[in-house]
Structure formats: structure tokens, C-alpha cells
Amino acid sequence: MGHYLGDFFQQIFQVPSQSGLLNSLYNEWLQHQFPYYRIHSLDISQMPRVPELDREFLSAFSPKSAAELPLARRMWELTGTRWILGERRFADFLNQVLDPQQKRFRVHLDFNFTPKHGKPNPTSLDDIKAEIVPNGPFAIIEYTSALPRVKFYTSWQVQTNDSASLAELTSDAFNPQEQILVNMLVPSGGTNNPAPGRSSVRVVSYQPREWRIEVENESAGVLLLNDKFDDDWSVRVNDRPE
């Protein structure tokens, strides 16, 4: 999962930005290259009628001021947003403001924009390409604490009220690395204490309409599939519908 950082910081801090060209190219990537290469993103290209679920979730995690900026870090963590695109200088800023204790943001790749071969004087976005260069002004920033696409939990709590769930998820007291919220009763009940024993999860294959996942667990638990929910979603465990 990825997210674009340029507009986000300008809206909160009104900081000067070099991201004009990156912003223009990113809009092109979001609409064309991302769908083609199956790159997931928090950024929405087109959604004229926002579903209630999306609206409530995005509202709960959208910082309204500098003091609420850690909400963005929690949103990236919960949604598995590991890659953040923006100016290179923002990496240090993210560690200082959003994660001063653990500093889990780091520059993964530096890049800049150059004319494509045979286009020494670019006249359109199609004439420009991104190129990896040392100490470039832009970067792919990695957030190393983003949740994986699948994760097995032996500690969970049941919370059927959506508003209460959002309040819990945005709280600093909640640790999504150790526990998960479930919005329905499960056979084993809830537990606040992780069970002993090993577990492993592996994504065997991923297609937009089908996942195949291998899970080995020694204790009862809940499997998180970190993808957007759909009413037509279904699951088979050991080839049996569940």
C-alpha cells in the first residue's frame, strides 16, 4: 500500500514544496500505472459518492491540526501503508513529529525527474521519467511498522459498535501489532493475553478477486486479511466454505 505525502503536509503546515511536478505525475500514475501494476494506494482517484464506511474511517484518521498528525501514522499502520511518496526531507520530519520515540520512517529510494530519451526539452508529462539517483530531492519513504497484508492474532477483543471501534483504533493505548478488534462474536471468545505457540502466515497467491493463504497455528486465533471489505466476500478453509 502507498500514499502521496506532498499535499498532506502543505495542507497541515503550509510548508514550501518542490512537489509540483511530482504531484502532476502522481495523478497520472494513480489513474493509469497503479491499476495496471496492481499497486494499492490510500489516495482516491475517483469516488463521486463516498460510502459511509470510507467517509467515517477517513474522517476519524484525518488530522485537523498539527497536534493530530500522529493519526496519520496510525492510519498508515492499520492499512498496511508501507510506502510513502514525497520529498526526501520529509523522512526526518516524519520521525521527529510522528514517531520521535521509535523513528520507524526511513528513506528507501531517492529519485529525481529527467527527460525521456530523445526528449531533451520536455513539453508534456509524457516526456518525463523518474530516475533513481543518490540524494535525489524526492524519495520513496518506508514506514517499517505498517501491518502486513495478512497477520495471525491470538489476542483480540470483540467490539460491535463502529464508533467505539474507531475510538479504540485511534487511541494510543491500543496496540494493533499485538491485538485486533473483531466486530462479531467468534467461537473462541475474546482474550487480552497472547497465547503461547508459533504461527506462520504466507500469501501463496494474490489476484484482485482471489487470495490464497497458508496458515499454520498452534493456538486458536483470528486471521487478519488487510484488504477492503466487500459484501460478496467469502472464504474457504481447507477447501470447505466457512
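The notes below deal with the structure included here. (Residues numbered from 1 in each chain as written. Predicted model: local features only at pLDDT ≥ 70, side-chain atom pairs only at ≥ 80, totals over all residues. Heavy atoms only, no water.)

**Structural notes on the packing of aromatic side chains**
This structure, assessed with the given rule, holds ten aromatic pairs. With 5.6 Å between their ring centres and 90 degrees between their planes, Tyr26 and Phe34 make a pair best called edge-to-face. By relative accessible area, Tyr26 is classed as buried at 3%. Relative accessible area serves as the criterion here: at 13%, Phe34 is assigned to the buried category. Considering the side-chain rings of Trp29 and Phe113, the 6.4 Å spacing of their centres and the 45 degrees angle between planes classify their relative orientation as tilted. With Trp29 in helix α2 (residues 20-37) and Phe113 in strand β3 (residues 105-115), this pair connects stretches of sequence that are 84 residues apart. Across this residue pair, the class does not change: Trp29 and Phe113 are buried. Grouping aromatic residues by their ring pairs yields a cluster made of Trp29, Phe111, Phe113 and Phe138. (Phe/Tyr/Trp six-rings, centres within 6.5 Å; stacked < 30°, edge-to-face > 60°. Buried < 20%, exposed > 50% of the residue type's maximum accessible area, 1.4 Å probe, protein only. Helix = DSSP H or I, 4+ residues; strand = E, 2+ residues; numbered from the N terminus.)

**Regarding unusual backbone geometry**
Of note, the phi angle at Asn135 is positive, near 55 degrees, even though the residue is not glycine. With respect to the helices and strands, the residue Asn135 is situated in the loop between β4 (128-132) and β5 (138-143). We classify Asn135 as exposed; its relative accessible area is 63%. Positioned with a positive phi, Asp239 is a non-glycine residue whose angle comes to about 70 degrees.

Coordinates in, geometry out; function isn't part of it.
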